[in-house]
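Residues per chain are reported as follows:
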Amino acid sequence: MREDERFEIERALDLIPHVIGASWATTWFRLNKIKRPTREEYRNKVVEYVKFLENLMDAFPKSDNFQEIDSFTKKRYNEEIEKILQGKNPEIEKRFDRYVDYD
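Basis of the calculations
- Residues take numbers from 1 onward in each chain, read along the sequence in its written order.
- Only residues with pLDDT of 70 or above have their local features reported here, since the model is predicted, and side-chain atom pairs are shown and tallied only from 80 upward, although totals for entire chains, interfaces and linings are computed over all residues.
- Side-chain numbers come from the whole structure's heavy atoms, not from hydrogens or water.
- A run of DSSP states H or I qualifies as a helix once it reaches four residues; a run of E qualifies as a strand once it reaches two. Both are numbered from the N-terminal end.
- Burial classification: accessible surface area is computed with a 1.4 Å probe over protein chains only, and a residue below 20% of its type maximum counts as buried, one above 50% as exposed, and the rest as partly exposed.
- Contacts are assigned to residue pairs with any non-hydrogen atoms lying within 4.5 Å of each other.
- Salt bridge, as applied in this entry: a Lys or Arg side-chain nitrogen positioned within 4 Å of an Asp or Glu carboxyl oxygen.

## Focus: the side chain of histidine 18
By the element assignment, histidine 18 lies in helix 1 (residues 3–31). Residue classification places histidine 18 among the buried residues on the basis of a relative accessible area of 16%. Ignoring sequence-local partners within four residues, the contact set of histidine 18 consists of Ser23, Glu91, Ile92 and Arg95.

## Observations regarding the pattern of salt bridges
The final tally for this structure, using the stated rule, is 16 salt bridges. Residues aspartate 58 and lysine 62 are paired through a salt bridge, measuring 4.0 Å at the closest nitrogen-oxygen approach. Beyond isolated ion pairs, a larger network of salt bridges with shared partners links Arg6, Glu10, Arg11, Asp14, Arg76, Glu80 and Lys83.

## Here's the deal with the environment of valine 50
If you trace the backbone, valine 50 turns up in helix 2 (residues 39–50). Since its relative accessible area comes to 3%, valine 50 is described here as buried. As for valine 50 and tryptophan 24, which are separated by 26 residues in sequence, their C-alpha atoms are 9.2 Å apart. When near neighbours in sequence (up to four residues on either side) are disregarded, valine 50 contacts Ile16, Pro17, Gly21, Tyr77, Ile81 and Ile84.

## Points about the environment of isoleucine 16
Its place among the elements puts isoleucine 16 in helix 1. Residue classification places isoleucine 16 among the buried residues on the basis of a relative accessible area of 12%. The spacing of isoleucine 16 and glutamate 40 is 24 residues in sequence and 19 Å in space, taken between C-alpha atoms. Apart from the residues within four sequence positions on either side, isoleucine 16 is in contact with Gly21, Val50 and Leu53.

In structure tokens form, the structure reads like this:
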């Protein structure tokens, strides 16, 4: 698959964790007045919200034209979730630090 064929999907999958996952997770913790969640709790909550988009990974038609991008999308999506859970997504770690340091 050419880079230009997957560029937009890569950008979306790069942004979903912190734009959607971390934003919703942070809001959830604030509204529940949980000021100091553990990193693991925060990461798990981010993943919970990212998983709401799981159906989006099945949005492409099931035809030969979309087989490669479909496979790529699902693989990258699962990799992003693993990175979050392992603390290897720097944006999520930064958002956690900002949240617990916020007064």
